[in-house]
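One letter stands for each residue in the lines below.
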Amino acid sequence: MELNPLQTRVAQLYQEGLYASIGTWENAQLTHDALFLFLLQEAEGCPDLDVLESQVAVVSEHLQDFLDELASAIANAAEDSSDGDEF
């Protein structure tokens, strides 16, 4: 399936044009680049770059929340393991 114009623009913008030559969904899947594929999927239903930007911003916030939780879990695990080493 051919990429739509917005998906083609995403391919041009992503990673400084790394995948700019990709023109089909099948070729995009061959990259095995999950973020790129996600962005193409998001662009599929967007009317323009502004809407895509808004959607990606929301996802970015969710990812930041996850990173914060992950960092907290790692810090707690490190703290728990150091507590067990004390006599």
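Up top is the structure these notes are about.
Just so it is clear, the model here is predicted, and its values are computed rather than measured. Residue numbering note: each chain is counted from 1, following its sequence as written. With the structure being a predicted model, the display of local features is reserved for residues of pLDDT at least 70 and the display and counting of side-chain atom pairs for 80 or more, all residues being used for whole-chain, interface and lining totals. Based on all heavy atoms of the structure, the side-chain values leave hydrogens and waters out of the count.

Let's shift gears to the side chain of D33. Tracing the chain through its elements places D33 in the loop between α2 (25-29) and α3 (34-44). Despite its burial, D33 pairs with no opposite charge, the nearest such side chain being R9 at 17 Å. At 3.1 Å, the side chain of D33 forms a polar contact with the backbone nitrogen of F36. Only heavy atoms matter for contacts: two residues are in contact if any of them lie within 4.5 Å across the pair. When sequence neighbours within four positions are dropped, the list of residues in contact with D33 reads Y14 and Y19. Comment: elements are numbered from the N terminus, with helices defined as DSSP H or I runs of at least four residues and strands as E runs of at least two. Exposure classes here rest on a 1.4 Å probe applied to the protein chains alone. A residue is buried below 20% of its type maximum, exposed above 50%, and partly exposed in between. Only four residue types enter the tally: Lys and Arg on the positive side, Asp and Glu on the negative side; His and the chain ends are excluded. The salt bridge definition used is simple: a Lys or Arg side-chain nitrogen within 4 Å of an Asp or Glu carboxyl oxygen. N or O atoms within 3.5 Å of each other form a polar contact, as long as, within protein, one can give a hydrogen and the other can take it, and as long as residues adjacent in sequence are counted only when both atoms are side-chain atoms.

With that out of the way, let us pick up a nonpolar patch on the surface. Within this analysis, patches are made of residues with over 30% relative accessible area and no salt bridge. Like charges are joined at 9 Å or less; nonpolar side chains (Val, Leu, Ile, Met, Phe, Trp, Tyr) at 5 Å or less. Note on areas: these come from Shrake-Rupley sampling with a 1.4 Å probe, and a residue is covered only by the protein chains present in the view. A cluster of nonpolar side chains, namely F66, L67, L70 and I74, defines an oily patch on the protein surface of about 400 Å² accessible area. Here L70 lies in helix α4 (residues 49-85).

With that settled, the discussion passes to the nonpolar core. Residues V10, I22, A28, F36 and L40 are the most contacted members of the largest nonpolar core, which totals 15 residues. It is α3 that provides the largest number of residues to this core, a total of five residues. Beyond its immediate chain neighbours, meaning those up to four positions away, I22 contacts L3, A11, N27, A28, T31 and F36. Take the buried Ala, Val, Leu, Ile, Met, Phe, Trp, Tyr and Cys residues and link them wherever side-chain atoms come within 4.5 Å; each set so joined is a nonpolar core.

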